[in-house]
Amino acid sequence: DKVLEAAVNLFTTGSERACFHRDIGRVLLDAFDKGNLECVGIVADQCNHGFTSGTPEACTKMAILNEKAAASALQKANKNSALHYSRNAMRHLSKNCWESERDLSIRVHLTHAKSA
């Protein structure tokens, strides 16, 4: 964590840091998707730090990732982290999420309720 913090502080602008986090998040997400990495929270943290705005598909992927991180935190009885991730998941849901992504919306809202 200290090494990452020192590396991030080398960047002078917020946009440089966001790009750094985004790039790391992509590498970690790829490893997670391939089953080479188990800690979804670390992946979600990097992706959340690097996500500025995106397409509806990118927002849906972020909602899914954060819901997985929230569910994982709940399994470990870490309600504070679960609440943090479920809030991020809710933030990434589209305005018409109940029509376009009903199953995801249900999971995100249930996970959020369990986290509170």
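In this text the structure is predicted, and so the values were computed from the model without any measurement. (Residues numbered from 1 in each chain as written. Predicted model: local features only at pLDDT ≥ 70, side-chain atom pairs only at ≥ 80, totals over all residues. Heavy atoms only, no water.)

Asker: It is not clear to me how the overall build of the protein chain should be interpreted in this structure. Could you clarify?
Answerer: A count of helices and strands for the protein chain gives seven helices and zero strands. Listed N to C, the secondary structure of the protein chain is α-α-α-α-α-α-α in terms of helices and strands. Once the C-alpha set of the protein chain is aligned to its principal axes, its extents read approximately 40 × 30 × 25 Å. Among the 116 residues that make up the protein chain, the fraction classed as buried is 34%. (Helix = DSSP H or I, 4+ residues; strand = E, 2+ residues; numbered from the N terminus. Buried < 20%, exposed > 50% of the residue type's maximum accessible area, 1.4 Å probe, protein only.)

Asker: What should I look at first to understand the pattern of salt bridges in this one?
Answerer: Between side chains of opposite charge, a pair can form when the charged atoms approach closely. Taken as a whole and judged by the stated rule, the model has one salt bridge. Between Arg107 and Glu67 there is a salt bridge whose closest N-O contact spans 3.7 Å. With Arg107 in helix H7 (residues 102–115) and Glu67 in helix H4 (residues 56–75), this residue pair connects regions lying 40 residues apart in the sequence. In this structure Glu67 comes out as buried when scored by relative accessible area, which is 9%. (Salt bridge = Lys/Arg side-chain N within 4 Å of Asp/Glu carboxyl O.)

Asker: For this particular structure, what's the right way to read the confidence of the model for the protein chain?
Answerer: Atom-level detail of predicted coordinates should not be read off regions where pLDDT is low. Here the protein chain shows a mean pLDDT of 85. Residues at 70 or above account for 94%. Confidence, expressed as mean pLDDT per element, reaches its minimum in the protein chain at helix H1 (residues 2–9) with 74 and its maximum at H7 with 95. (pLDDT = per-residue confidence, 0-100.)

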